[in-house]
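Chain by chain, the residues:
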Amino acid sequence: MSDPIPGNDTAATPPPDAAGKASDFIREIVEDDLRTRRNDGRVATRFPPEPNGYLHIGHAKAICIDFGVADQYGGTCNLRYDDTNPVVEDVEYVDAIEADIRWLGFEWANLYYASDYFEKIYEFALLLIRKGLAYVDDLNEEQIREYRGNFYKKGVESPYRDRSAEENLDLFTRMRAGEFPDGSKVLRAKVDLNSQNMNLRDPLLYRIKHAHHHRTGDTWCIYPMYDFAHPLSDAAERITYSICTLEFEAHRPLYDWFIEKCDAFPSRQIEFARLNLTYTVMSKRKLLQLVQQGYVSGWDDPRMPTLAGMRRRGYTAEAVRAFCERIGVAKNDSVVDVALLEHAVRDDLNRRSPRMMAVLKPLRLVIQNWPEDETWEIDAANHPDDPSFGTRKVPFSKVLYIERDDFKEEPQKGWFRLSTGAEVRLRYAGLVRCTEVVKDPATGEVVELRCTMDPESRGGTSPDGRTVRGTLHWVSAAHAVDAEVRQYDRLFSVENPNASDPNAPVQQTFLDFLNPASLEVLSGCKVEPALAAVAPGTRVQFERVGYFCADSKDHAPGHAAFNRTVGLKDSWAKVERKAGGEPPKAKGAVVAPATAPAQAATTVAAAPATAVAARAVLKALSPEITIDDFAKIDLRVGLVVDAGSVEGAKKLVRLSVDVGEGRPRNVFAGIRSAYPDPTVLVGRRVIVVANLKPREMKFGTSEGMCLAAGEPETGLFVATFDGEARPGDKVT
RNA sequence: UCUCCGGUCGUCCAAUGGCAGGACACAGGACUUUGGCUCCUGGUAUCGGGGUUCGAAUCCCUGCCGGAGAACCA
């Protein structure tokens, strides 16, 4: 169990009655059934993705459960595409899904499509009609909703509920034959209109969709609903455990109802809590939005939680599987700390990555007592703890590059890297002491360090046994190869990007929490020759920096490109943080141009404007964000011409604001607590952020934001003012 | 307001009427030619109130909190 090597655990089938200690409640159920021979000792599961998106880390959890349970008990797991809704599905995703599952190290016993069973499912529908358990309903969508009632109101029977079996048979056959337009009729099951469980209030079985299906083409114009198709598909494959996520819990009674009434194979549905991760969004809709609107470069952008993205970032399948094991399986809604994922990948990569040296932000260092033209080929170990990784040659010469961050003119307490007069070890090479600092006379910037090397210390230790605590990585300038390094960080800057702040002046979306520093592209990095020569996809530890992999798309001879998978743990950063009393993580930090010699990062407060600018800039696809971008925010005087509350949204106020455009803008603001009667704002002047992309909201489109401020107790007040400023005037 | 599901360290998962344990995170220390790895140490939890019991995280009652539920989505 602790050894998640793909395929390694499939051969060993424990005897069904070997009462192993089940590791979670699902395996407990399976082991109970195995003991009682419930399915003749057979275990069959399935993984049922809908082909309308890429697989993400949440799917990985499901895959590990579905395939893992089958493997562990000598059973089988099928891959079955849940393709019952032709309008949202796309073949593009099918290949990607299969590649991702295989990458994780699983192989399906059979590959099916729910659409393979359309004919069978249709037969079951006829059976239910004959049994008087299904009827064709002519009510339209809205009427059905109306008749169905709600949590507090019982359902009312449709006037078509008592059609005879003959009439239903005739109508349903003609539905299939294409005699009726979309939406004109549906087939419904006759279950229980009084149930508190809405799923049982005569659920839909079939709807008419004259749509082309990616597999069945135009054969069908009626398509079964998930609730009907799923149990019957499971039955067709004689699935013993239909494992799914918690939101299907309320569907289980219906699942069982169909099995009973159709006399189908009784698969058992078991629900577990889906995976949530801090600093991550997992919904397909949101991931699709990030891709389609260009906030990321694609489904395989290394910042995406998709398996394709994680793979490109350098994650290993073993790390993902180890993570899935660590998080466990339960029914509690939970949010897993992304640090656990990061730990899993560090843990795996530490064992399996060769070490190499790369300098990300180079600073010249000259060894003054080293001969001008002498190159020393050092044999360096590729792994400090595992000799089987072997050694490589690393060239050393008079002029080197070290990391700019490894030198400080005025070191603070505890600093044991380089500073004026200090001695450090150059990894594998020897001990050097800094004797001189060369600065650019114009800017004062440090441009070069001059050092002397202790000739006795070749290799790294000195015969007198003195301790030198600092060890730096370096690259020989004459031999260095230039590389591009993409430093990836969390895509979102808040733990929960799904939750908007109720006090925010305008309702926020997850896009407002995008981390503007999620990608920092460094060019002109210096790497040792052996590193530039690795194949795309190769994973390496840059000593003292982090785990990186050569990009699978962009890394090529003549253009070295590496992605940071995850940084090394950095206990010095912790010390600095504590000393500085700074917050744990610089949030909303603005990234200086990557090529700039000094890092002129500016930190700004996490105000809405920041998020907006961050969005705009990310959208522009530039990794380089400057303070200038914030100057682009367009503030205008607005005159409130109408104001009112918003039906169904306690915190929102709808404002109609004249900003001198001939047509007033619609603006929603979460300021209701401060303005129980929003009409007091009519006639007031406010400050509007005018150059925002209109935001689609549940209640309408918001075409701007109003500047506001306030205390938690009082709620947010809109900044208003009187005077002669005209609507549309620029505010500076 | 109704129904269902859930509530254990900061986070995730165990303990299935009998010593509340592990991992991550955090804090301290040892070691170190990566401020990495490894090792040692530490703190921190049973949602509240009643009840049953020799004994309750576990069973019962009740309150509170969180999630899900009224798509011709899955």
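Conventions adopted
Residues numbered from 1 in each chain as written. Chains lettered and ligands numbered in written order. Predicted model: local features only at pLDDT ≥ 70, side-chain atom pairs only at ≥ 80, totals over all residues. Heavy atoms only, no water. Disulfide = S-S within 2.5 Å. Phe/Tyr/Trp six-rings, centres within 6.5 Å; stacked < 30°, edge-to-face > 60°. Helix = DSSP H or I, 4+ residues; strand = E, 2+ residues; numbered from the N terminus. Buried < 20%, exposed > 50% of the residue type's maximum accessible area, 1.4 Å probe, protein only. Lys NZ or Arg CZ within 6 Å of the ring centre and 35° of its normal. Core = buried A, V, L, I, M, F, W, Y, C linked by side-chain atoms within 4.5 Å. Contact = heavy atoms within 4.5 Å. Salt bridge = Lys/Arg side-chain N within 4 Å of Asp/Glu carboxyl O. Pairing = 2+ DSSP bridges. Near = heavy atom within 4 Å. Polar contact = N/O pair within 3.5 Å; in protein donor to acceptor, adjacent residues only side chain to side chain. Axes fitted to C-alpha atoms, helices over the stretch in contact; angles between N-to-C directions. pLDDT = per-residue confidence, 0-100. Parallel < 35°, antiparallel > 145°, perpendicular 65-115°, else oblique. Left-handed = near helix turned anticlockwise from the far one by under 90°.

**A closer look at the state of the cysteines**
For step 1, the next point in the chain: Summed over all chains, the structure comprises zero disulfides.
For step 2, the next point in the chain: Take Cys 244: it sits in no disulfide, and the sulfur closest to it among the cysteines is that of Cys 77, at 14 Å.
For step 3, the next point in the chain: Of all cysteine sulfurs, the one in Cys 434 lies closest to Cys 451, which takes part in no disulfide; the gap is 4.7 Å.

**Focus: the packing of aromatic side chains**
For step 1, the next point in the chain: The tally for this structure, following the rule as stated, stands at 24 aromatic pairs.
For step 2, the next point in the chain: Centroid distance Tyr 54 to Tyr 93: 5.6 Å. Interplanar angle 90 degrees. Geometry classified as edge-to-face. Here Tyr 93 lies in helix 3 (residues 92-104) and Tyr 54 lies in the loop between strand 1 (44-47) and helix 2 (57-72), a separation of 39 residues in the sequence.
For step 3, the next point in the chain: In this structure Tyr 54 comes out as buried when scored by relative accessible area, which is 16%.
For step 4, the next point in the chain: Through a chain of ring-to-ring contacts, three or more aromatic side chains come together here, namely Phe 118, Tyr 122, Phe 172, Tyr 206, Trp 220, Tyr 223, Phe 228, Trp 257 and Phe 258.
For step 5, the next point in the chain: Over the ring of Tyr 113 we find Arg 215; its NZ or CZ atom is 3.6 Å from the centre of that ring.
For step 6, the next point in the chain: Of note, Arg 311 hangs over the ring of Trp 103, and the distance from its end group to the ring centre comes to 5.2 Å.

**What about the nonpolar core?**
Across soluble globular proteins, nonpolar side chains show a tendency to be buried alongside one another.
For step 1, the next point in the chain: Membership of the largest hydrophobic core comes to 71 residues, with the highest contact counts inside it found for Ile 57, Ile 101, Leu 290 and Phe 323.
For step 2, the next point in the chain: A total of nine residues in this core trace back to one element, the largest contributor, which is helix 2.
For step 3, the next point in the chain: Excluding its chain neighbours within four sequence positions, the residues that come into contact with Leu 290 are Val 281, Tyr 295, Val 296, Met 304, Leu 491, Phe 492, Phe 510, Leu 511 and Leu 514.
For step 4, the next point in the chain: In this structure, Leu 126, Leu 200, Ala 229 and Cys 262 belong to the second largest nonpolar core, which totals 34 residues.

**Things to note about the pattern of salt bridges**
For step 1, the next point in the chain: Scanning all chains against the criterion turns up 52 salt bridges.
For step 2, the next point in the chain: A salt bridge links Lys 185 to Asp 138, with the nearest nitrogen and oxygen atoms 3.4 Å apart. A residue pair is termed long-range when its members are at least 10 positions apart, and Lys 185 in the loop between helix 6 (165-177) and strand 5 (186-189) and Asp 138 in the loop between strand 4 (134-137) and helix 5 (141-148) qualify at 47 residues.
For step 3, the next point in the chain: On the basis of relative accessibility, which here comes to 23%, the residue Asp 138 falls in the partly exposed class.
For step 4, the next point in the chain: The residue Arg 466 makes a salt bridge to Asp 454 at a minimum N-O spacing of 2.8 Å. In this pair, Arg 466 sits in the loop between strand 18 (446-453) and strand 19 (471-472) while Asp 454 sits in the loop between strand 18 and strand 19, placing the two residues twelve residues apart along the sequence.

**Thoughts on the pairing of strand 24 (residues 546-550)**
For step 1, the next point in the chain: Counting buried positions along strand 24 gives five out of five residues, so the element sits mostly inside the fold.
For step 2, the next point in the chain: Side chains of strand 24 alternate between two faces, with Gly 546, Phe 548 and Ala 550 and Tyr 547 and Cys 549 buried alike.
For step 3, the next point in the chain: Hairpin connection, strand 23 (residues 539-542) to strand 24: the antiparallel pair is bridged by three residues, and Arg 544 has positive phi, about 70 degrees.
For step 4, the next point in the chain: Bridge count between strand 24 and strand 25 (residues 560-567): five bridges; the pairing is antiparallel. Looking at the pairing, Cys 549 lines up with Asn 563 of strand 25.

**So, the protein's contact with RNA strand B**
For step 1, the next point in the chain: Near RNA strand B, the surroundings consist of 65 residues, among which Glu 28, Tyr 152, Arg 355, Gly 459 and Gln 541 are the closest.
For step 2, the next point in the chain: Backbone atoms, meaning sugar plus phosphate, form 61% of the atoms of RNA strand B positioned within 4 Å of the protein.
For step 3, the next point in the chain: Asp 333 places a side-chain nitrogen or oxygen 3.1 Å from a sugar or linking oxygen of RNA strand B.
For step 4, the next point in the chain: Here a sugar or linking oxygen of RNA strand B and a side-chain polar atom of Asn 350 are 3.2 Å apart.
For step 5, the next point in the chain: Those elements that place two or more of their residues in the surface near RNA strand B are helix 5, strand 6 (204-208), helix 11 (317-327), helix 12 (338-352) and helix 14 (571-580).

**Digging into unusual backbone geometry**
For step 1, the next point in the chain: Phi angles above zero are rare outside glycine, and Arg 238 is one such case at about 50 degrees.
For step 2, the next point in the chain: Following the sequence through the fold, Arg 238 ends up in the loop between helix 7 (226-236) and strand 8 (241-245).
For step 3, the next point in the chain: Look at Tyr 279: it is not a glycine, yet its phi comes out positive at around 60 degrees.
For step 4, the next point in the chain: Counting through the fold element by element, Tyr 279 comes out in the loop between strand 9 (268-272) and helix 9 (284-292).
For step 5, the next point in the chain: For Tyr 279, a relative accessible area of 15% puts it in the buried group.

**Some remarks on the sheet that holds strand 5**
For step 1, the next point in the chain: Reading across from one edge, 4-5-6-7 is the order of the four strands in this open sheet, with antiparallel pairing throughout. The outermost strands of the open sheet, each flanked by one partner alone, are strand 4 and strand 7 (222-224). Each strand axis lies, on average, 20 degrees off the axis of its neighbour in the sheet, ignoring direction.
For step 2, the next point in the chain: Taken together, the three bridges between strand 5 and strand 6 define a ladder with antiparallel strand orientation. Across the sheet, Arg 188 pairs through a bridge with Leu 204, a residue of strand 6.
For step 3, the next point in the chain: Here helix 4 (residues 118-130) sits on the sheet and contacts strand 4, strand 5, strand 6 and strand 7; the angle it forms with strand 6, its principal contact strand, is near 120 degrees.
For step 4, the next point in the chain: Packed on one face of the sheet, helix 6 meets strand 4, strand 5, strand 6 and strand 7 and runs near 60 degrees to strand 4.

**A word on the environment of Glu 410**
For step 1, the next point in the chain: Looking at the secondary structure, you find Glu 410 in the loop between strand 15 (399-403) and strand 16 (423-426).
For step 2, the next point in the chain: C-alpha separation for the pair Glu 410 and Thr 420, spaced ten residues apart in sequence, amounts to 8.1 Å.

**What to know about the sheet that holds strand 2 (residues 76-81)**
For step 1, the next point in the chain: Taken together, three strands build an open sheet; the order of strands is 1-2-3 and the sheet is parallel. Lying at the two open borders of the sheet, with one neighbouring strand each, are strand 1 and strand 3 (111-113). Taking the axes of each pair of neighbouring strands and ignoring which way they run, one obtains an average angle of 35 degrees across the sheet.
For step 2, the next point in the chain: With four bridges connecting them, strand 1 and strand 2 associate as parallel partners. Across the sheet, the residue bridging to Phe 47 is Leu 79, located in strand 2.
For step 3, the next point in the chain: Relative to strand 1, helix 2 is tilted by about 160 degrees, and along the sheet it contacts strand 1 and strand 2.

**Re helix 11**
For step 1, the next point in the chain: Most of helix 11 sits out of view: eight of its eleven residues are buried.
For step 2, the next point in the chain: Among the residues making up helix 11, those that are buried are Ala 317, Glu 318, Ala 319, Val 320, Arg 321, Phe 323, Cys 324 and Ile 327.
For step 3, the next point in the chain: Of the residues flanking the end of helix 11, it is Gly 328, one or two places downstream, whose phi is positive at about 75 degrees.

**Some points on the confidence of the model for chain A**
For step 1, the next point in the chain: Averaged over all residues, the pLDDT of chain A equals 85, while 80% of them reach at least 70.
For step 2, the next point in the chain: Contacts for the low-pLDDT stretch residues 1-19, under 50 throughout, to residues beyond four places or in other chains number 19 contacts.
For step 3, the next point in the chain: With pLDDT under 50 throughout, residues 709-715 is counted as low confidence; its partners more than four residues away or in other chains account for eight contacts.
For step 4, the next point in the chain: This complex was scored by the predictor with a pTM of 0.80 and an ipTM of 0.97.

**Regarding the side chain of Asp 137**
For step 1, the next point in the chain: Considering the arrangement of structural elements, one finds Asp 137 in strand 4.
For step 2, the next point in the chain: A polar contact of 2.9 Å, which involves the side chain of Asp 137, links it to the backbone nitrogen of Leu 139.
For step 3, the next point in the chain: A polar atom in the side chain of Asp 137 sits 2.9 Å from the side chain of Arg 188.
For step 4, the next point in the chain: With residues near it in sequence (within four places) discarded, Asp 137 still touches Ile 144, Ser 158, Tyr 160, Arg 163, Ser 184, Lys 185, Val 186 and Arg 188.

**A word on the packing of helix 4 against helix 6**
For step 1, the next point in the chain: In the contact formed by helix 4 and helix 6, the axes pass within 9 Å of each other and the chain directions differ by 160 degrees. On the basis of their axis angle, the class for helix 4 and helix 6 is roughly antiparallel. Crossing handedness for the pair helix 4 and helix 6: right-handed. Between helix 4 and helix 6, the contacting residues are Glu 119, Tyr 122, Ala 125, Leu 126, Ile 129 and Arg 130 on the first element and Ala 165, Asn 168, Leu 169, Phe 172, Thr 173 and Arg 176 on the second.

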